[in-house]
Amino acid sequence: MTVRLMIPGPVPLSESVAEAMAAPVQAHYGPAWVSIHNETLQLLRQAFVTEGDVFILVGSGSAGLDAAIGNLLAPGDAALVGVNGYFGQRLAAIARAYGAHVVEVAAEWGEPLAPDAFEDALQNNPSASVIVVTHIETSTGVLNPVRQIAQIANAHAVPIIVDGISSLGGVEFAMDGWGIDICVTASQKCLGGPAGLAPVAVGPKAWAAIEKRGNAGHGWYLNLQTWREFARSQKDWHPYPITMPTNAILALREGVRALLTEGIAHRIGRYKTLAGRLRSGLEYLGFRPLAADAHAAPVVTAAYSLPGVPSGRIVEFLERVHGLEIAGGGLGHLHDKIFRVGHMAPSISERDIDDVLAGLEDFKCQVGEG
Ligand SMILES: *Cc1c(COP(=O)(O)O)cnc(C)c1O
């Protein structure tokens, strides 16, 4: 039995994306390739809704986070980091790794970040250099109020970095319109591509902050100034510092094209409807979603297992009996208490959702609760 992948990334590849992965290898420089590269950047600008710079860093999404956070921080700087789950903790870990003084602006796992808490944190830390938040906290399925947090950041003229790895293309976002300074995403989630690329959008206020900070201590490969320098000086021949994985980029181009062809608003609406279907089905079956309706992410849903039943058993059962691979999850007090269903694949359909619900119903019967 082949397993249907319904984890919160990577997503299964559509046929056109998979074909692009299998296309003959081509040189990663010269006019023919540069035109494909530029087209991909232009498509990504539409997905970020920005007219600013976009770079396709080569590495997983975390490489993009490392570049964004590291470029805006010097050792000793204060960084306000939203932490309401595992990926918020990662943002804090990256900032600490660059020697920043991290002020965690925390919320309970399963709850959204509170914009007011950022206002307070800025009052208490007026010299903060940056605010860093996840848009969707993938570990809990919570959608954070990034637009409101950005308003506060903008009012205090503090740059804001958004981890949009699991959200770009899955939920409303407008880099320029919302005043976001850097947004990082990844190829393997809502954009429908293979893992390995980290598109990063960088706005003018971020550049100003990066230039002010100078170029100390951030190495070369994940230094955004390296990428900008090549984009300018090697514009027509090799506008990036390294050998680009051309097939992965062709595949990402197909993924983003499909998003724009469908229409971002249409895609988002489809995710929302399917998330609602999943949530009401879960509640009907007695699996309580972790996030309340008002801040539920439309592309990943975390729910509690049945009382006394480790969630790992559900994950194992769905895979073994129903050929559906969902994710476990839960660190700390949530360990083995929740499971997570990824529904961020562009191909997601009612049938996928209904099959997960049928599998869960079957599981309940097996444990004698049906
Ligand atoms: C998946 C994810 C990451 C990690 O991305 P990698 O590609 O594994 O480095 C970071 N943040 C969020 C919100 C994610 O969903």
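Only a predicted model underlies this, so the values are computations on that prediction, with no experimental measurement involved. (Residues numbered from 1 in each chain as written. Predicted model: local features only at pLDDT ≥ 70, side-chain atom pairs only at ≥ 80, totals over all residues. Heavy atoms only, no water.)

**Notes on the site of the ligand**
Phase 1: Around the ligand sit Ser60, Gly61, Ser62, Phe87, Arg90, Ile136, Thr138, Asp163, Ile165, Ser166, Gln188 and Lys189, and those are all the residues in its vicinity.
Phase 2: The contact in question runs from an oxygen atom of the ligand to an N or O atom on the side chain of Ser62, over 2.6 Å.
Phase 3: In this structure, an oxygen atom belonging to the ligand sits 2.4 Å away from a side-chain N or O atom of Thr138.
Phase 4: For the shell around the ligand, the secondary-structure elements that each account for two or more residues are helix H3 (61-72) and helix H4 (86-97).
Phase 5: Of the residues that constitute the shell around the ligand, the class distribution is 3 nonpolar, 6 polar and 3 charged. (Near = heavy atom within 4 Å. Polar contact = N/O pair within 3.5 Å; in protein donor to acceptor, adjacent residues only side chain to side chain. Helix = DSSP H or I, 4+ residues; strand = E, 2+ residues; numbered from the N terminus. Nonpolar A, V, L, I, M, F, W, Y, C, P; charged D, E, K, R; others polar.)

**Considering the packing of aromatic side chains**
Phase 1: Enumeration according to the criterion identifies 7 aromatic pairs in this entry.
Phase 2: On the basis of an interplanar angle of 70° and a centroid distance of 5.5 Å, the ring pair of Phe173 and Trp178 is categorised as edge-to-face. Each member of the pair, Phe173 as well as Trp178, is classed as buried.
Phase 3: Residues Phe317 and Phe363 carry aromatic rings whose centres are separated by 5.5 Å and whose planes lie at 65° to one another, so their mutual orientation is edge-to-face. You can see Phe317 sitting in helix H12 (residues 311-322) and its partner Phe363 sitting in helix H13 (residues 350-366), a full 46 residues away along the chain. No difference in accessibility class separates Phe317 from Phe363, as the two residues are buried. (Phe/Tyr/Trp six-rings, centres within 6.5 Å; stacked < 30°, edge-to-face > 60°. Buried < 20%, exposed > 50% of the residue type's maximum accessible area, 1.4 Å probe, protein only.)

**Examining H13**
Phase 1: Here H13 spans 24 Å end to end across 17 residues, near enough to the 24 Å set by a 1.5 Å rise per residue.
Phase 2: Buried within H13 we find Asp352, Ile353, Val356, Leu357, Gly359, Leu360, Phe363 and Lys364. Buried residues of H13 fall within an arc of 155° about the axis and therefore sit on the same side. Across H13 from its buried face, at more than 90 degrees, point the exposed residues Arg351 and Gln366.
Phase 3: Next to the buried residues of H13 lie strand S1 (4-5), helix H11 (264-285), H12, strand S12 (324-325) and strand S13 (338-342).
Phase 4: Where H13 terminates, the next one or two residues include Gly368, which has phi positive at roughly 80°. (Expected span 1.5 Å × (residues − 1). Arc of directions from axis to C-beta. Contact = heavy atoms within 4.5 Å.)

**Concerning the nonpolar core**
Phase 1: Ranked by size, the top nonpolar core spans 88 residues in total, and within it Ile131, Ile180, Ile182 and Leu224 carry the most contacts.
Phase 2: Broken down by element, the residue count for this core peaks at 8 residues, all from helix H2 (residues 31-48).
Phase 3: Contact partners of Leu224, with chain neighbours within four places excluded, come to Phe55, Leu57, Ala67, Ala68, Asn71, Ile182, Val200, Val202, Trp207 and Ile210.
Phase 4: Cys190, Phe317, Ile353 and Leu360 belong to the second-largest nonpolar core, a separate cluster that totals 33 residues. (Core = buried A, V, L, I, M, F, W, Y, C linked by side-chain atoms within 4.5 Å.)

**Re the domain arrangement of the chain**
Phase 1: For the chain, the assigned domains read domain 1 (4-9 + 264-366) and domain 2 (15-260).
Phase 2: A separation of 27 Å is found between the C-alpha centroids of domain 1 and domain 2.
Phase 3: The contact between domain 1 and domain 2 buries some 1900 Å² in all, and 68% of this surface belongs to carbon and sulfur atoms.
Phase 4: When residues of domain 1 are sorted by the area they lose upon contact with domain 2, Ile264, Arg267 and His295 head the list and together hold 28% of the total.
Phase 5: Counting the contacts that link domain 1 with domain 2 gives 0 salt bridges.
Phase 6: Linking domain 1 with domain 2 are 3 residue pairs in polar contact (both at pLDDT 80 or more), by the criterion used here.
Phase 7: Those elements that place two or more of their residues in the side of domain 1 that touches domain 2 are H11, strand S11 (300-304) and S13.
Phase 8: At 4 residues, the largest contribution of residues to the side of domain 1 that touches domain 2 is made by H11. (Domains from an automatic or database assignment. Buried area = accessible area lost by both parts, 1.4 Å probe. Salt bridge = Lys/Arg side-chain N within 4 Å of Asp/Glu carboxyl O.)

**Here's the deal with the packing of helix H8 (residues 204-213) against helix H9 (residues 224-233)**
Phase 1: Close contact between H8 and H9 brings their axes to 11 Å; oriented N to C, the two are set at 110°. Relative to H9, the element H8 is oriented roughly perpendicular. Judged by the twist between their axes, the crossing of H8 over H9 is left-handed. Listed contacts from H9 to Trp207, Ile210 and Glu211 of H8 are Leu224, Gln225 and Arg228.
Phase 2: Here the residues of the contact of H8 with H9 sort into 3 nonpolar, 1 polar and 2 charged. (Axes fitted to C-alpha atoms, helices over the stretch in contact; angles between N-to-C directions. Parallel < 35°, antiparallel > 145°, perpendicular 65-115°, else oblique. Left-handed = near helix turned anticlockwise from the far one by under 90°.)

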